[in-house]
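The residues making up each chain are set out below.
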Amino acid sequence: MIKRIYFVLVALLLTIAATAQSVTGRVLGDSKEPLIGVQVIVKGSNKGTVSDVSGDFTLSGIENKSVLVFSYIGYETKEITTDGNKPMTVTMKPSDKNLDEVLVIGYGSAKRKDLTSSISSVDAGIINKQTVQNPTQALQGKVAGVQITNSGAPGSSPQVRIRGMGTITDGAGPLYIVDNVIVNDISYLGPNDIDNITILKDASSAAIYGVRAAGGVILITTKKGSNSKPTISFDSYVGIKSPAHVVQMATGPEYVQLYNEKMAEIGDPSRLDPAQYSSHNYYDDILTNSITNSENLSISGGSSSSKYSVGISHLTDNGLVVHDNYDRTSFRAKLDMNLGKYIRMGFSNVLTYTKSKPQSTYYVFKAHQVVPIFQPKTANGDWTNPLSVSRDLNVAAAEYYNQYAYQNAYNLILNGYVEVDLFKDFTFRTSLSLNPNEVDYTHYYPSYNISSYQNSPKNALDKNRTQSLNTYWDNTLTYTKTIADNHHLKVMLGTSYQEETWNTLNAHVEGLKDLPAINESYLFLTMPKIDNLWGSSNSDNGDKTVAHSYLGRLTYDYKEKYLLTATFRNDISSKFPVQNRSAFFPSIGAGWVLTSEDFMKSTKIDYLKLRANWGRMGNGVIPSNIYVPTITTDNYRALIFGSAQNSGSGQVSSIGTVTQFYNSNLRWETVSEFDAGVDIHLLKDRLTATIDYYNRNTIDAIFPITSLPSSGLSTSGVWGNNATINNSGLEFTLNWSDKVNDFTYNLGANVTYNQNKVTSLAASSAGGIYGSFYDFPPTFTYSTVGQPIGEFYGLKTIGVYQNAAEINNSPHMSGAIPGDLKFQDSNGDGTIDAKDRVFLGNPNPPVYFGFDASFQYKSWDATVAFQGVTGNKIANAVSMWRYGTENFEESIVKNRWHGEGTSTYYPSAALSNAQTFSSFYVEDGSYLRVKNIQIGYSLPKNFLNKFGVNKLRFYINGENIHTFTKYTGFSPEVPAGGIMAGVDKEAYPLASVYSVGLNLNF
Amino acid sequence: MKRNFIYIAIFSLIGLFTSCKDIFNYDPYNQVPPTQFWTSQSDAEKAVFACYGTIVDWPFNDPATFNLASIASGDTKKGGTASDQPNVNQFSNFTFSSTHNHISENYNARYFLINMCNQAITNIPKITMDETAKKELIGEAKFIRAWAYFDLVKTFGEVIVYDGLPADGNYNISKSSLADIYKLIESDLQYATANCRVEPWSAEWKGRITSYGAKAYLAKVEMYEACGANFTEDHSAINDRKWADVKALTDDVISHGPYKLFTEKGDSSFFYLFRIPYENSDESIFEAQCGTSATVGGIARSSYAQYQWATNLNGWAFNAPSDQLINDWEARIATDNDVLRYQQSIIWQGQTLPDGDVIGAATQNGTSAFGDVNATGLARSRFSLKAYESRNDDKHNGGWQAFCEQNYKLYRFAEVLLIDAEAEFMLGNKQEAINSINLVRDRVKETPLTVSNISLQKIWDERRFELAFENDRFFDLIRTGQAATLLGTSGFTAPKNYFYPLPQQAIDVSQGILKQNKYWE
């Protein structure tokens, strides 16, 4: 009996032992290295273990055919079914950091892999590396579809164009959002304060910003804290900044020679005697090298319940014009806290103080023009008067007397938010942002008398104070739900309120008496004056814009394999008349992650996603009050009647009249875009590529067109909904990163191909739109249906008249002399005139690109970056700007026509056709720039750890090292001006900066 | 419990905020709302003053005006530094084209002025104010509009006409015929004659338009119409105007109007007529009211005087008397004793001004483009003395500009007398003609004309030398049919050069509606 019980017991035990097995195994990484600390859990239970030093694990009491779940940070979670007690070898694949990256998108965040739209992000590392003043400059060439053009003037922001020129208004660029606060530009932000820049390129991603989104959206997050002990980092560099390239001008003797030649050619008896004049290069008086330096200290850290990041930074970055100073100090702080389980709150602030002495780039323009035959000062120390030869400025004196400009600017960005988890699955977030800004500008103009053309009998003082306050209040309610494990749904609804006010106060006095010194201590409007008069003039102006919006987003995915996103936004803006104030901007997108499908599991493709979306965005960045008639009371038209008019202090009869067009039916400008893209990762995620096709239509584009001169109105142009423009193109982004032993390298390239075309014009401009500057008569561009916007339009040069006989035998050109440019008689009527104008080139670059490479070998690292554009043309209006006595460019000196047969392309020194726009002034705008080279060395970690230091890296850096281009002007980057894009009216060189720096982390 | 409280607070906040529709109810910043302007007499005055003030602006006294009116006639030359705006020389030899910047500047400025007149003419009638004052202000605006259109029709021939602001807002219309343009000018001047005040303005408002002023100007307009045969396509008078119509107007103004020649300063009267203390005298009918203010910056900064003045005295020496004018004038000294007026119209390098300043020529280097210190005869620098403002009168409120107080005369009584002389002569009334022309000649001590030696040529010549540098000569040559003969060697061709081409920019922007002058296509 007992023996039978034993038998049963043993059988039972054996049975139990047979079913409840032990499973052993080893966990390895993708390079066959053992992974330590991998969690191995039986699915559905809390039974588990952790892999040991050799990657081995043992689990006992496991049933056959159980599912074991292996999870490890940085690796993709894997599930494997047991097979009896056979030992298992489990290889885990690193998770694609790229795909898991959480990106900030409009009013929320999402993982990159769940996106259906075209979003690019640029990491802090890439931005922090560069020694640029404005973080936007750091983006140049880094992102497909984003074309950045430097505008030259110090402190000015570069122009950003996303996916071609669709929006034409000068002020329209992308919408910048810094830590959820809308700002107008990011020039006050130091590159070191930035954690990440995300660019929303297409309608589907940007549509949620509705009214401001037509130019794309650039989201910036500043550095935030983390759940770790405090890390301190200190970054600093010092460098030399110098002008990259200036246009070489004639020397004194060369000028005299060409002047005399010119006078002979036009039959004027005046001559200059070379013995009377010397030679001077006025760039030396206007441009200068400067030292630039930056220091940045930041501390971040936190705990599970609160995270903080604090930073202080300083930058000195003087401009290239003498006397220009720029000094910026900023303080930033961010705090994110968890209050209990359901409430999170935080605030962030960036406070910037900029002190500068802005100098105008106008002096570089004049240095390019003034005659080089006089020294700035005569032998006895007076400023030279150039009027005997040229009714123009002594530019060295002009800059010297204009240097007393002082600017103090304060900018604060403040944001606070509260996020509450309401009933199950609902989260409410409210965020309030304030952006007060003040710029105080003082300019003292001394009196001087250099010539009858250059004199100021009384000194003068200008003071200007501009203040603005932008307030934004956003509220969102989000519902997140996972249905049946695999369906993930997220619905967000929100409202946004925006109010922007600014005002500017200006006062001007003249005749200050005997200032003890010229510095900010004495420059007050109440200082004693010669005539004891108070306030020669003052002005006051301001504006308020209000907008109110409703928005929402729905995201759905099934197993992160089928993705769907839809957004909507309704905007109401004060910039449009009552009947057109409201606009609706929807978008919808879908994605399919093919590599999550079973049929793709066997391929070598690591990741493949197809996505497509469509959306509509708006542009409300236009001047206010375009739609209302305005009364001008400008003093320029006031006058004094009667005998008192000659006393200098008679009673002024003030005026009031209307001098501006207004457009009472102004409508929203909307951009409607379709985008389709592929994201693909190959070769174990070492090669990633993104290809996007986009087609954007800007409908009812708002921009000014030249008003009809006979209307007598609006010399600044007639604003209205004037055209529909299409931009379509392809973007390619490729990235290869790999590691060979100790050598890691990363290569990236992006190329954008964009085609721009005007598809229709408003009835009021049905025949096409001519572009010209108000203060310079020639027409430069002509935009018409079927052509790119702003295409150059002028006479075609076909050679140079060699002699009088040739002039007589050619189509009639009024007033032509030998040496003049010869133009094509395009319409064959025997006369050269405005009717012979043809299209001369496209200022919109069809291709723009960037390459960069970074390498790391043991303690050394290096980065190289290139960017450029190709296929576009530039109209060199700076060369054209010749009324009479201006200096000659060296290219004219070397190549000019000066007798029969001496030139068939360059005209004579007479430059008689200087103000006729022709193909002679249209140049190839392509360029390739070596934008950045940096080489760094990091001291070994074990050496540093002795001092408690985590990282110490030294580097040398070169910025804008060289630009390869055929363009003869100062810089092939021509910031566009609406329909006058590509017409270069600026003479300001780019700056090259060579610096050394260090990064220190504790 | 705590959470419910939070929910309530949050939702009520949302509710509150979303019901704020009146956040959009605020007035546009820093604008006088148009509903608050055009409501009172003061607004009406402001609108009319804007018209007067615009005439002071650069384009009405810089190369945009004197190139076309004076340099083209050969009586003045560009002057100034040789290479300063050399394209001005194109008016001396008729090599300019429709893209010349001064042609577009001239055109744009006059239309700018016409817009301001139209703003007043269209909007003032709606204002509730004293009817007499209302009509008078509209009369002033119409006078200035007529003056602008007269300038345009003399310069360009057929141009676009706007009688008030276009009701449909469409400015892009085709140009009108000469007859229609002159009709509008006449109707404007007749309205001004009927509604502006008959008695002269008080001292503080001297310079504003009067009824007799409009009537006097109408005489000049009708004179041009009567001469239409010399420059129109159909070779006949415009609107059938006759010299008798002209005479009727001039007789009325001469007999009943308040105007008389300025003779207070005896032999030097002609010189003092143009000086600052005697601006807006009884001889002046219409002047540009230039004068600055120390307390109100930016007003009335005219370039008239500085553009034409001597370089050593802070001027730029443009529009200088030509050799031809000098020669013809010096010949006239012998034939007509026109010596006083010659001396009081032109000043030479080396001469001294009443304030003690000496007219210079060269600068540091002697071989410069201003002139040679050692020059003699016609090689010497010379300037229009009519532009002279003494530096003692310069109030220095014009910033870097100088001489902003100097008015320029746009129409004066001396010309009315000469128009009367011409009209009387054309009607065969030689004695009446002599009566008028000799008043002008007596002032400057020229030998009086007699019934036997008066001729049309003599009357035309009197105009030339009385009104030198007053922007009349070129148009007078066209009107009288002398242009082809006198300017043929300079490149003038008839009928092409009767009018200037419409600016190319205006043609381009109109996209085919505005057609270019057919001789300039």
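Residues numbered from 1 in each chain as written. Chains lettered and ligands numbered in written order. Predicted model: local features only at pLDDT ≥ 70, side-chain atom pairs only at ≥ 80, totals over all residues. Heavy atoms only, no water.

Examining the overall build of chain A
Line of reasoning, step 1. Across its full length, chain A holds 13 helices and 48 strands.
Line of reasoning, step 2. With the principal axes as the frame, chain A shows a C-alpha extent of 145 × 65 × 65 Å.
Line of reasoning, step 3. Relative to its full complement of 1002 residues, chain A shows a buried share of 55%.
Line of reasoning, step 4. Here the analysis covers contacts within chain A between residues at least 6 apart in sequence; of these, 70% occur between residues at least 24 apart.
Line of reasoning, step 5. In the structure as shown, chain A presents an accessible area of about 40900 Å², 57% of it carried by carbon and sulfur atoms. (Helix = DSSP H or I, 4+ residues; strand = E, 2+ residues; numbered from the N terminus. Buried < 20%, exposed > 50% of the residue type's maximum accessible area, 1.4 Å probe, protein only. Contact = heavy atoms within 4.5 Å. Areas by Shrake-Rupley, 256 points an atom, 1.4 Å probe, with all protein chains shown as cover.)

Here we look at helix α6 (residues 178–195) of chain B
All names here are of chain B.
Line of reasoning, step 1. In a regular helix each residue adds 1.5 Å, so 18 residues correspond to 26 Å; α6 covers 26 Å between its end C-alpha atoms and thus fits that length.
Line of reasoning, step 2. All of the buried residues in α6 are L178, I181, Y182, L184, I185, E186, D188, L189, A192, T193 and N195.
Line of reasoning, step 3. Here the buried face of α6 lies against α5 (131–156) and α7 (211–226). (Expected span 1.5 Å × (residues − 1).)

What to know about the nonpolar core
Line of reasoning, step 1. In this structure, I185, W309 and Y500 of chain B are the most contacted members of the largest nonpolar core, which totals 152 residues.
Line of reasoning, step 2. The element that contributes the greatest number of residues to this core is α5 of chain B, accounting for 14 residues.
Line of reasoning, step 3. Each residue touching I185 of chain B, except ones within four places of it in the same chain, is listed here: A146, Y149, F150, V153 and V221 of chain B.
Line of reasoning, step 4. Core analysis: the next-biggest nonpolar cluster, separate from the first, contains 69 residues, V246, A250, I832 and A909 of chain A among them. (Core = buried A, V, L, I, M, F, W, Y, C linked by side-chain atoms within 4.5 Å.)

Some words on the interface of chain B and chain A
Line of reasoning, step 1. Counting residues at the interface gives 96 residues for chain B, matched by 101 residues for chain A.
Line of reasoning, step 2. Of the roughly 8500 Å² buried between chain B and chain A, counting both surfaces, carbon and sulfur atoms make up 59%.
Line of reasoning, step 3. Across the chain B-chain A interface, the total number found is two salt bridges.
Line of reasoning, step 4. Residues D508 of chain B and R837 of chain A are paired through a salt bridge, measuring 2.8 Å at the closest nitrogen-oxygen approach.
Line of reasoning, step 5. For the interface between chain B and chain A, the tally reads nine residue pairs in polar contact (both at pLDDT 80 or more).
Line of reasoning, step 6. Elements with a contribution of two residues or more to the side of chain B that touches chain A: α1 (2–18), α2 (41–54), α4 (101–123), α10 (304–308) and α18 (504–510) of chain B.
Line of reasoning, step 7. Residues of the side of chain B that touches chain A, tallied by class, amount to 44 nonpolar, 39 polar and 13 charged. (Buried area = accessible area lost by both parts, 1.4 Å probe. Salt bridge = Lys/Arg side-chain N within 4 Å of Asp/Glu carboxyl O. Polar contact = N/O pair within 3.5 Å; in protein donor to acceptor, adjacent residues only side chain to side chain. Nonpolar A, V, L, I, M, F, W, Y, C, P; charged D, E, K, R; others polar.)

Some remarks on the pairing of strand β27 (residues 487–510) of chain A
Residue and element names in this part refer to chain A.
Line of reasoning, step 1. For strand β26 (residues 460–483) and β27, the ladder comprises 24 bridges, and the chain directions are antiparallel. When the bridges of β27 are listed, Y479 appears paired with V491.
Line of reasoning, step 2. Joining the antiparallel neighbours β26 and β27 is a turn of three residues, in which A484 adopts a positive phi near 50°.
Line of reasoning, step 3. Two strands pair when backbone bridges link them, and β27 and strand β28 (residues 537–558) are joined in this way by 22 bridges, in the antiparallel orientation. Across the sheet, L493 pairs through a bridge with G552, a residue of β28. (Pairing = 2+ DSSP bridges.)

Considerations on the sheet that holds strand β14 (residues 181–183) of chain A
Residue and element names in this part refer to chain A.
Line of reasoning, step 1. Pairing is mixed in the open sheet, where five strands are placed in the order β10-β15-β16-β13-β14. In this open sheet, the two strands that pair with only one neighbour each are β10 (119–123) and β14. Ignoring which end each strand starts from, the neighbouring axes of this sheet average 25° apart. (Axes fitted to C-alpha atoms, helices over the stretch in contact; angles between N-to-C directions.)

Side note on the confidence of the model for chain B
Residue and element names in this part refer to chain B.
Line of reasoning, step 1. Averaged over all residues, the pLDDT of chain B equals 89, while 91% of them reach at least 70.
Line of reasoning, step 2. Throughout residues 362–369 the model reports pLDDT below 50, and contacts reaching past four residues in sequence, or to other chains, amount to 17 contacts.
Line of reasoning, step 3. Scoring the predicted complex yields pTM 0.77 and, for the interface, ipTM 0.87. (pLDDT = per-residue confidence, 0-100.)

Looking at the packing of aromatic side chains
Residue and element names in this part refer to chain B.
Line of reasoning, step 1. Within the structure shown, the criterion is met by 81 aromatic pairs over all chains.
Line of reasoning, step 2. Ring geometry for F143 and F286: centres 4.9 Å apart, planes at 85°, overall edge-to-face. With F143 in helix α5 and F286 in strand β2 (residues 284–288), this residue pair connects regions lying 143 residues apart in the sequence. For the pair shown, F143 and F286 are each scored as buried.
Line of reasoning, step 3. Pairwise contacts between aromatic rings join F60, F143, W147, F150, Y182, Y217, Y224, F286 and Y411 into one cluster.
Line of reasoning, step 4. Lying across the ring of Y272, K265 places its NZ or CZ 4.9 Å from the centre.
Line of reasoning, step 5. A cation over a ring is seen here: R380 above W348, with NZ or CZ 4.1 Å from the ring centre. (Phe/Tyr/Trp six-rings, centres within 6.5 Å; stacked < 30°, edge-to-face > 60°. Lys NZ or Arg CZ within 6 Å of the ring centre and 35° of its normal.)

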